[in-house]
Amino acid sequence: GAGVSQTPSNKVTEKGKYVELRCDPISGHTALYWYRQSLGQGPEFLIYFQGTGAADDSGLPNDRFFAVRPEGSVSTLKIQRTERGDSAVYLCASSLTTGGPYEQYFGPGTRLTVT
Amino acid sequence: EDKVVQSPLSLVVHEGDTVTLNCSYEVTNFRSLLWYKQEKKAPTFLFMLTSSGIEKKSGRLSSILDKKELFSILNITATQTGDSAVYLCAGSNSNSGYALNFGKGTSLLVTP
């Protein structure tokens, strides 16, 4: 079956611009997670959705970062006024949750470069 | 604060060698320990461990969890060049929907 997909695969933007990163989870997975991975580091948790609601956004670094999942499937991570420090690979993962824990399946990521 | 520490950070071995990767964790409301393999982009799932002392095995890879010592190991026997990757360990916290807290990873290079 189809895995987690993310678009775009690469995004180059100028400092100060707005970007949107999209994640399409595995069909039937109600839990969706966003992580950010910098070079030489493990992925760092940003936000977790259970259905349509953001159940835990404690990992978002500041209020320039926002994410939505309006229909409980596709999610969009939005970054306003991008900074060079936002450059990283943004990974999305999905899993089942009822009766968990379950393993999370990751998408290929979006490499964001802020110039 | 939750913490996951992996060692060694990097390792170079010859094909056919056996390797052991280490992961120690301090995770509040710990629920499970997961291992992933990351080659280029997406981490791919290897194992999820929830109970102490029960070994999980898949081919040449195996893993075990010690919940008393807060430790897990990943073993790879008869290594092949295709095993070259970064191996990530993560603890899940039941308070945040099992969001994963990752270590920095162990970079494994298997030479012919």
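Residues numbered from 1 in each chain as written. Chains lettered and ligands numbered in written order. Predicted model: local features only at pLDDT ≥ 70, side-chain atom pairs only at ≥ 80, totals over all residues. Heavy atoms only, no water.

Enquirer: Hey, could you run me through the pairing of strand S3 (residues 19–24) of chain A in this one?
Expert: Both faces of the sheet carry side chains from a regular strand, because those side chains alternate between them. Residues and elements named next belong to chain A. With burial as the criterion, only one face of S3 is covered, namely that bearing Val 19, Leu 21 and Cys 23; the residues Glu 20, Arg 22 and Asp 24 on the opposite face remain uncovered. In terms of strand pairing, strand S1 (residues 5–7) meets S3 through three bridges, oriented antiparallel. Along S3, the bridge assignment pairs Gln 6 with Cys 23. Bridging between S3 and strand S8 (residues 75–79) involves five bridges; their strand directions are antiparallel. (Buried < 20%, exposed > 50% of the residue type's maximum accessible area, 1.4 Å probe, protein only. Helix = DSSP H or I, 4+ residues; strand = E, 2+ residues; numbered from the N terminus. Pairing = 2+ DSSP bridges.)

Enquirer: Would you mind showing me how to read the pairing of strand S6 (residues 53–56) of chain A here?
Expert: All names here are of chain A. Where strand S5 (residues 44–50) meets S6, three bridges bridge the pair, whose relative direction is antiparallel. Of the residues in S6, the one forming a bridge with Phe 49 is Ala 54. Count of turn residues in the S5/S6 antiparallel hairpin: two residues, of which Gly 51 carries a positive phi of about 70°.

Enquirer: Would you mind showing me how to read the sheet that holds strand S7 (residues 65–68) of chain A here?
Expert: In any sheet, the strands associate via hydrogen bonds between backbone groups, in a parallel or an antiparallel arrangement. Residue and element names in this part refer to chain A. What the four strands build is an open sheet, ordered S1-S3-S8-S7; its pairing is antiparallel. What marks the edges here is a single partner per strand, and that holds for S1 and S7. Each neighbouring strand pair of the sheet contributes to a mean axis angle of 15°, computed without reference to strand direction. (Axes fitted to C-alpha atoms, helices over the stretch in contact; angles between N-to-C directions.)

Enquirer: Explain the environment of Arg 31 of chain B here, please?
Expert: Residues and elements named next belong to chain B. Positionally, Arg 31 belongs in strand S4 (residues 30–38). With a relative accessible area of 32%, Arg 31 lands in the partly exposed category. For Arg 31 and Ser 51, which are 20 residues apart along the polypeptide, the C-alpha to C-alpha distance reads 9.3 Å.

Enquirer: Any chance you could explain the interface of chain B and chain A here in plain terms?
Expert: At the junction of the two partners, chain B supplies 20 residues and chain A supplies 22 residues. Each partner contributes to the roughly 1,700 Å² buried at the junction of chain B and chain A, and carbon and sulfur atoms together form 60% of this total. Our count for the chain B to chain A interface comes out at zero salt bridges. Our count for the contact surface shared by chain B and chain A stands at three residue pairs in polar contact (both at pLDDT 80 or more). For the side of chain B that touches chain A, the elements supplying multiple residues, two or more each, are S4, strand S5 (44–49) and strand S10 (99–102) of chain B. It is S4 of chain B that contributes the most residues to the side of chain B that touches chain A, five residues altogether. (Contact = heavy atoms within 4.5 Å. Buried area = accessible area lost by both parts, 1.4 Å probe. Salt bridge = Lys/Arg side-chain N within 4 Å of Asp/Glu carboxyl O. Polar contact = N/O pair within 3.5 Å; in protein donor to acceptor, adjacent residues only side chain to side chain.)

Enquirer: Would you mind showing me how to read unusual backbone geometry here?
Expert: With omega at -10°, the peptide bond leading from Thr 7 of chain A into Pro 8 of chain A counts as cis. Turning to its location among the elements, Pro 8 of chain A is positioned in the loop between S1 and strand S2 (10–13). For the bond from Ser 7 of chain B to Pro 8 of chain B, the omega torsion is -10°, close enough to zero to count as cis. Topologically, Pro 8 of chain B is positioned in the loop between strand S1 (3–7) and strand S2 (10–14). One non-glycine residue, Asn 29 of chain B, adopts positive backbone phi at about 50°. Looking at where Asn 29 of chain B falls in the secondary structure, it is placed in the loop between strand S3 (19–26) and S4. A positive phi angle, near 55°, is found at Leu 70 of chain B, a position not held by glycine. For Leu 70 of chain B, the position within the fold is in the loop between strand S7 (61–66) and strand S8 (71–76).

Enquirer: How do you make sense of the packing of aromatic side chains when you look at a structure like this?
Expert: Aromatic ring pairs: the centre-centre distance and the angle between the two ring planes describe each pair. One pass over the structure, following the stated rule, counts eleven aromatic pairs over all chains. Each residue in the set Tyr 33, Tyr 35, Phe 45, Tyr 48, Tyr 105 and Phe 106 of chain A together with Tyr 36, Phe 45 and Phe 102 of chain B is aromatic and connected to the rest through ring pairs, giving one cluster. (Phe/Tyr/Trp six-rings, centres within 6.5 Å; stacked < 30°, edge-to-face > 60°.)

Enquirer: Is there a simple way to think about the nonpolar core in this case?
Expert: The nonpolar side chains of a soluble globular protein tend to be buried, and buried together. Core analysis: the largest hydrophobic core is formed by 22 residues, its most contacted members being Tyr 25, Leu 33, Trp 35, Leu 46, Leu 74, Tyr 87 and Leu 108 of chain B. The set of elements that each furnish at least two residues to this core consists of S3, S4, S5, S7, S8, strand S9 (85–93) and strand S11 (106–111) of chain B. With four residues, the top contributor of residues to this core is S3 of chain B. Non-local contacts of Leu 74 of chain B, meaning those with residues more than four positions away in its chain, are made with Val 19, Thr 20, Leu 21, Trp 35, Leu 46, Phe 47, Ser 62, Ser 63 and Tyr 87 of chain B. Core analysis: the next-biggest nonpolar cluster, separate from the first, contains 20 residues, Phe 49, Ile 79, Tyr 90 and Leu 112 of chain A among them. (Core = buried A, V, L, I, M, F, W, Y, C linked by side-chain atoms within 4.5 Å.)

Enquirer: Looking at this model, I keep getting lost on the pattern of salt bridges. Mind explaining?
Expert: As a working rule, side chains carrying opposite charge can pair if their charged atoms are close by. On inspection of all chains with the given rule, the structure shows seven salt bridges over all chains. Between Asp 86 of chain A and Arg 64 of chain A there is a salt bridge, with the nearest N and O atoms lying 2.8 Å from each other. Taken together, the residues span a long stretch of sequence, with Asp 86 of chain A in the loop between S8 and strand S9 (88–95) and Arg 64 of chain A in the loop between S6 and S7 at a distance of 22 residues. For the pair shown, Asp 86 of chain A and Arg 64 of chain A are each scored as buried. With a closest N to O distance of 4.0 Å, Lys 37 of chain B and Glu 39 of chain B form a salt bridge. In this structure Glu 39 of chain B comes out as exposed when scored by relative accessible area, which is 54%.

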